[in-house]
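# Observations on the model geometry
Read off the chains here:
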Amino acid sequence: MEVKTSLLDNMIGVGDMVLLEPLTEDSFIENLRNRFDHNEIYTYIGSVVISMNPYRSLPIFTPEKVEEYRNRNFYELSPHIYALADEAYRSLRDQDKDQCILITGESGAGKTEASKLVMSYVAAVCGKGQEVNKVKEQLLQSNPVLEAFGNAKTVRNDNSSRFGKYMDIEFDFKGDPVGGVISNYLLEKSRVVKQPRGERNFHIFYQLLSGASDDTLRKLKLDRDFSKYNYLSLDSANVNGLDDAANFRTVRNAMQIVGFMEDEVQSVLELVAAVLKLGNIEFKPESRSNGYDESRVKDKNDLKEMCELLGIEQSVLERAFSYRTVEAKLEKVSTTLNVSQAYYARDALAKNLYSRLFSWLVTRINESIKAQSKTRHKVMGVLDIYGFEIFEDNSFEQFIINYCNEKLQQIFIELTLREEQEEYIREDIEWTNIEYFNNAVICDLIENNQNGILAMLDEECLRPGTVTDITFLDKLNTVCAEHQHFESRLSKNSKFLTDHSLPHSCFRIQHYAGKVLYRVEGFMDKNNDLLYRDLSQAMYKANHKLIKQLFPEGNPAKVNLKRPPTAGFQFKHSVGTLMRNLQTKNPNYIRCVKPNDKKAPRIFTDSLVRHQVAYLGLMENVRVRRAGYAYRQAYEPCLERYKMLCKQTWPHWKGPTREGVEVLMADLQVSTEEFAYGNSKIFIRNPRTLFSLEEKRRGCLENLAALIQKIYRGWKCRTHFLLLKHSQVVVAAWYRRYAQQKKYTQIKSATIMVQSYSRGWKARKILRELKHQKRCEEAATTIAAYWHGTQVRREYRKFFRANAGRKIYSFIMQRLMQKYFLGLKRDLPSMSPIGGSWPTRPYRFLDTAHTELRSIFHHWRCKKYRSRFTDERKAVFEEKLQASEIFKDKKALYPSSVGQPFRGDYLEISKNPKYQKLSSAMDEKVLLADVVNKINRANGKGTARIFLLTKNNFVLADQKTGQVKASVPLPDLASISVSTQNDGFFALKLKEGSAGATKGDFLLSSEHLIEIITKLRRTGATAVNHDHLDIDISDEFLVQFKQDKVCVKFVQGAPKNGNGASCKRKNNRLLEVSVPSTA
Ligand SMILES: Nc1ncnc2c1ncn2[C@@H]1O[C@H](COP(=O)(O)OP(=O)(O)OP(=O)(O)O)[C@@H](O)[C@H]1O
Ligand SMILES: [Mg+2]
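Let's shift gears to the overall build of the protein chain. Check the secondary structure of the protein chain and you find 31 helices and 31 strands. For the protein chain, whose C-alpha radius of gyration is 79 Å, the value lies well above the compact-globule estimate of 31 Å for 1079 residues. Its C-alpha atoms give the protein chain principal-axis dimensions of roughly 225 × 125 × 50 Å. The buried share of the protein chain, reckoned over its 1079 residues, is 47%. Considering only contacts within the protein chain whose residues lie at least 6 apart along the sequence, 63% involve residues at least 24 apart. Carbon and sulfur atoms make up 52% of the accessible area of the protein chain, which amounts to about 56,900 Å² in all. The centroid of the 163 positive side-chain charges in the protein chain is displaced by 19 Å from the centroid of its 130 negative side-chain charges.

Dropping the structure here:
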């Protein structure tokens, strides 16, 4: 809910001077001081804002404040410049009324700051968006640029505007800014060449020298040292709290935002540099033949550099400082300039250069900020113009400025009164004429075309002949003498003849804000504002775009012999335009007041403020405002504010508000002269009435507050009590519930506990009984079983004892045997007859059976092996068997023959062609054919013979020839002798008397001894049908050689490698065979 407030709430002093009671100058000033001491720098006179310069930053310009004042009624909050800005902006936006904000006040009173506050407020509350923000930014950033070039430090203000400024901000139908136009008034150009003590030249000079980079300065041919420039006064070059270098950066940035091109900025800086250079040009006199002095440039260096900067031909400018060409009709007369004229020309050029540059800047900014669309815009004008000035020494500038202020005062009076009047008509209130001082008469004194002071000045300036400031004063003395606001010592009005406060060279004007004494010296010059044509032509010739633009009159093609309009004329003209412009707009006033001369916070100098209050006409302002009715208020807020003063209207009035106010006023018995009912407002004539209403309201508010407090407290206590009561019931209910629940759960758990104990007890009891019962039964059964067992055993013992052991034994034995046999079957060794493995015997009692089984198994497997033999193989094995029977364990050679198969025919006699003849001689099948050695009995040496065995014979044949040497039928063979040793000697003994026996027995040796003998025995046995042929095995036997019997003895010889046994004849009867031992 929005809180309805009023200006009247929490007032310090009186927020609106209209309500001041009693209204005197003292009370007015006292009220201002009171408010100023409490940091209330703004006070209203109706809708006019008086602004005191606080000279320090107050926390009242924050974004929060902007929000606070946004869309609020003017009198709703305490006085503020934002309230005025908001009122103006809303009136412009919502009612389509063009506005102007007129800011006046003396130098340092805070006009420029106020204008910036207004602009920033409007920027903050108007629409937003990329385009709008750009426009806003450009409008706001035009300020630093203009301030740098147009402001300077003066004794009154460190940032004093030395020009008047009027800025139109244009808005579209939505209230968004779309552009602006700036007009400038009368720059104080004399400052360029000379500054009063303690003051500075325009800021830009110092900013450039402090803030520009070394490179820029080099390009501009400048030196950073201020003292190098004649135009820069040194005594206050550095100002406290002013950072020129930083400001230079701000200005450059602002120029960029506003839209200056880089080359434009450069040109501007070149011009500024040129002005500084110009100031350094000095002149010296040079005597001429005609006796006059002619000026010459002293040191041409600065001149040269300046000409280089601006692209001017040096000689042209140099000449322009020495000569002056006067053109009259078709004649051209050239006169020389003396040194002081040259200085005058130089300074005139500097002033013109700078002021034209300033005007160009304004035009250039206007180009950038001008609205893009041509449609009609709503306009808010902000006028920041120099205020009324009264110095000790007032000259032409003060005259012009004060004239401007007269005009503003006039328009103020006119507009204020008009507005007042319009409101009365609108509200249907009877209009009473108000007496006030109309300053039109003073304006007339100055601007009247026939006999106004400005017209006189112009006339004097144009008049041929010798004209001086004094002739001008004379003229005034004659023309204006009668005027009641003009005072001069020499005027016809004799009353001033003895007025010593009025010097002879001065005139005085009674301005609306006080009397001002003007010294006429310099009026003519300043009004003329003369620049020699040679100089403007020299400038025009410059090879510099900007300079050329600034001096269009220097164009020789457009020589204009007419004098240029005077400064006074120009000013009057522009003031006239401004006034016409302002008259079309709804005015809003900000009257700035300076509290002290020291630029210091918290100091309120009474006399100074009194003076300002006087010349700003503030008292007049209040009087005018109070002339009819001092206070007015719409019915609704009025009723809202005072309804508590009457029973009928309190607390609510149901009918129309006006009737409510009427009832209220009647009830309060306010005298009917004291107020009037308008259509929408009530008008209160006297502030006293209002204050008595306020007083009653305050008293009533206290009662109301007590009442409200009472009701509130009662309500609060009651609610609190009810709440407590209710809480108590709730708490009790909850507690009871909780207690019952708790009790219940306790009982429940106790019951369950008891129950469980009792059940447990019962169950245990039953269990015990059951267990006892079971144990009894088990015991009975066990006893019964034992008893039965005993009985049975007792009965059957006799049957068991005799056989059980045997049966068990045989059973076990059977079982063991079974196991043994099954195991044997599973682990039978290999079927090979030579396999020697046999499972170990598991039990000793099976010893015999096991050995027996082993032999049975061996026989069985041999039988199995044999059963697979063919007849031939069988014969071979039989032979082998026989050999074994004969030789096994009897002859040492035998074991080595076991592994050798008996091949029989070693010579392959039938196939070998060598033995073909021998073979064919055999008519029987050869069973054995081998080479043997026949031992010669004479020496024991062996001769190789082929030994053949057939079924009936054995044959010895020559090995080489195959000739049969002996063929002996087997039946003639009596026996065979061999040694026990490891040799191949054998003797074939023939039966005595047989055919073969004639030659004696044969002693032979063969490698296949075992085979030969075995075969001989087998064959011999069959041949003779004997069971066996005797084989004598001994190491000594007799051999019958023809008649002799020779003993063959076998001895063990030393082991010999490779060689077999050797035979030697020992004697006639003994042949010794040495057999190498086998070890
Ligand atoms: N509202 C304010 N809050 C704080 N300081 C202020 C305010 N108004 C003005 N000042 C201070 O006063 C100084 C002078 O103000 P400003 O330049 O606005 O004066 P002016 O009336 O424009 O003077 P001139 O006529 O010389 O231009 C400012 O530089 C600033 O220091
Ligand atoms: Mg200013």
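With omega at 0°, the peptide bond leading from Glu21 into Pro22 counts as cis. Relative to the helices and strands, Pro22 is located in the segment before α1 (25–37). Here the phi dihedral of Asp96 falls at roughly 60°; this positive angle occurs in a residue that is not glycine. Inspection of the secondary structure puts Asp96 in the loop between α3 (81–95) and β3 (99–105). For Asp96, a relative accessible area of 42% puts it in the partly exposed group.

Take the confidence of the model for the protein chain next. Per-residue pLDDT for the protein chain averages 87, and the proportion of residues at 70 or more is 97%. Here helix α30 (residues 916–921) stands out as the least confident element of the protein chain, with mean pLDDT 77; helix α9 (residues 244–258) is the most confident, with 96.

Taken together, 3 strands build an open sheet; the order of strands is β13-β14-β15 and the sheet is antiparallel. Two strands close off the open sheet at either side, each with one partner strand: β13 (486–488) and β15 (514–519). Averaged over neighbouring strand pairs, the angle between their axes works out to 25° when direction is ignored. Strand contacts of helix α15 (residues 440–447): β13 and β14 (506–511), with the helix running at about 150° to β14, the strand carrying the most contacts.

In the vicinity of ligand 1 there are 17 residues, among which Ser107, Lys111, Thr112, Ser160 and Ser161 approach most closely. In the environment of ligand 1, an oxygen atom lies 3.3 Å from a nitrogen or oxygen atom belonging to the backbone of Ala109. Between ligand 1 and Glu113 there is a distance of 2.9 Å, counted from an oxygen atom to a backbone nitrogen or oxygen. Contact with the protein chains removes 85% of the 620 Å² of surface that ligand 1 exposes when unbound. Counting residues per element, the ones that place at least two in the shell around ligand 1 are α4 (111–125) and β5 (160–161).

Reading across from one edge, β17-β19-β18 is the order of the 3 strands in this open sheet, with antiparallel pairing throughout. Looking along the sheet, the strands with just one partner apiece sit at the ends: β17 (631–634) and β18 (675–677). Averaged over neighbouring strand pairs, the angle between their axes works out to 15° when direction is ignored. With 3 bridges connecting them, β18 and strand β19 (residues 681–684) associate as antiparallel partners.

Below, the discussion takes up the coordination of the magnesium ion (ligand 2). Surrounding the magnesium ion (ligand 2) are the protein donor atoms Thr112 (OG1) and Ser161 (OG), which sit 1.9 to 2.1 Å from the metal. A residue pair is termed long-range when its members are at least 10 positions apart, and Thr112 in helix α4 and Ser161 in strand β5 qualify at 49 residues. For the residue pair Thr112 and Ser161, the accessibility class agrees, reading buried in each case.

Among the nonpolar cores identified, the biggest contains 214 residues, and Phe28, Phe149, Leu317 and Phe507 are the most heavily contacted of them. Ranked by the residues each element gives to this core, the list is headed by helix α13 (residues 339–369), at 15 residues. Aside from chain neighbours lying at most four places away, what touches Phe28 is Met17, Leu20, Leu23, Ile45, Ile50, Val613, Leu618, Met619 and Val622. The next biggest cluster of nonpolar side chains, apart from the first, holds 32 residues, and it includes Phe887, Val968, Ile976 and Leu1029.

The terminal C-alpha atoms of helix α28 (residues 871–887) lie 24 Å apart, and with 17 residues this matches the ideal 24 Å at 1.5 Å per residue to within 8%. For α28, the set of buried residues is Glu879, Lys880, Gln882, Ala883, Ser884, Ile886 and Phe887. Asp889 occupies a position one or two residues after α28 and carries a positive phi of about 70°.

With that out of the way, let us pick up the side chain of His544. Summarising the element assignment, His544 is placed in the loop between α19 (533–540) and α20 (545–550). Once residues within four sequence positions are removed from consideration, His544 is found in contact with Ser267, Glu270, Leu271, Leu309 and Leu310.

Let us now look at the packing of helix α24 (residues 635–642) against helix α25 (residues 657–668). A packed helix pair is summarised by two numbers, namely the angle formed by the two axes and the spacing between the axes. For the pair α24 and α25, the least separation of the axes is 9 Å and the interaxial angle reads 45°. Taken as axis vectors, α24 and α25 run oblique relative to one another. Judged by the twist between their axes, the crossing of α24 over α25 is left-handed. The segment α24 lies against α25, with Tyr635, Glu636, Cys638, Leu639 and Tyr642 engaging Thr657, Arg658, Gly660, Val661 and Leu664. Partitioning the contact of α24 with α25 into residue classes produces 6 nonpolar, 2 polar and 2 charged.

Looking now at the pattern of salt bridges. According to the stated counting rule, one finds 62 salt bridges in the structure shown. A salt bridge links Asp168 to Lys585; its shortest N-O distance comes to 3.9 Å. Remark: Lys585 occurs in the loop between α21 (567–583) and β16 (586–593) and Asp168 occurs in strand β6 (residues 164–171); sequence separation between them is 417 residues. Overall, Asp168 belongs to the buried group, its relative accessible area being 12%. The exposure class assigned to Lys585 is buried, which follows from its relative accessible area of 7%. The salt bridge partner of Lys221 is Glu308, with a shortest N-O separation of 3.2 Å. Here the residue Lys221 occupies a position in the loop between α8 (214–219) and α9, and Glu308 occupies one in helix α11 (residues 300–310), the gap between them amounting to 87 residues.

Turning to the pairing of strand β23 (residues 964–969), a few remarks are in order. Two elements, strand β22 (residues 953–958) and β23, share 5 bridges in a ladder whose sense is antiparallel. Residue Ala957 lies in a different strand from β23, and its bridge partner there is Val964. What sits between the antiparallel neighbours β22 and β23 is a turn of 5 residues, in which Gly962 has the positive phi angle 80°.

Attention shifts here to the packing of aromatic side chains. Aromatic ring pairs are defined here through the distance separating the ring centres and the angle between the ring planes. Scanning all chains against the criterion turns up 40 aromatic pairs. The interplanar angle of 15° and the centroid separation of 4.7 Å between the aromatic rings of Phe869 and Phe877 together place this pair among those described as stacked. By relative accessible area, which is 33% here, Phe877 ends up partly exposed. By way of ring pairs, the aromatic residues Phe396, Phe399, Phe472, Phe486, Phe507, Tyr518 and Phe523 are connected into one cluster. The ring of Phe869 has Arg873 sitting right over it, with the charged end atom 5.6 Å from the ring centre.

The rules behind each value
Residues numbered from 1 in each chain as written. Chains lettered and ligands numbered in written order. Predicted model: local features only at pLDDT ≥ 70, side-chain atom pairs only at ≥ 80, totals over all residues. Heavy atoms only, no water. Helix = DSSP H or I, 4+ residues; strand = E, 2+ residues; numbered from the N terminus. Rg over C-alpha atoms; globule rule 2.2 N^0.38 Å. Buried < 20%, exposed > 50% of the residue type's maximum accessible area, 1.4 Å probe, protein only. Contact = heavy atoms within 4.5 Å. Areas by Shrake-Rupley, 256 points an atom, 1.4 Å probe, with all protein chains shown as cover. Lys, Arg positive; Asp, Glu negative; His and termini not counted. Charge placed at Lys NZ, Arg CZ, Asp CG, Glu CD. pLDDT = per-residue confidence, 0-100. Pairing = 2+ DSSP bridges. Axes fitted to C-alpha atoms, helices over the stretch in contact; angles between N-to-C directions. Near = heavy atom within 4 Å. Polar contact = N/O pair within 3.5 Å; in protein donor to acceptor, adjacent residues only side chain to side chain. Donors = N, O, S within 2.8 Å, 3.2 Å for Na, K, Ca; no water. Core = buried A, V, L, I, M, F, W, Y, C linked by side-chain atoms within 4.5 Å. Expected span 1.5 Å × (residues − 1). Parallel < 35°, antiparallel > 145°, perpendicular 65-115°, else oblique. Left-handed = near helix turned anticlockwise from the far one by under 90°. Nonpolar A, V, L, I, M, F, W, Y, C, P; charged D, E, K, R; others polar. Salt bridge = Lys/Arg side-chain N within 4 Å of Asp/Glu carboxyl O. Phe/Tyr/Trp six-rings, centres within 6.5 Å; stacked < 30°, edge-to-face > 60°. Lys NZ or Arg CZ within 6 Å of the ring centre and 35° of its normal.

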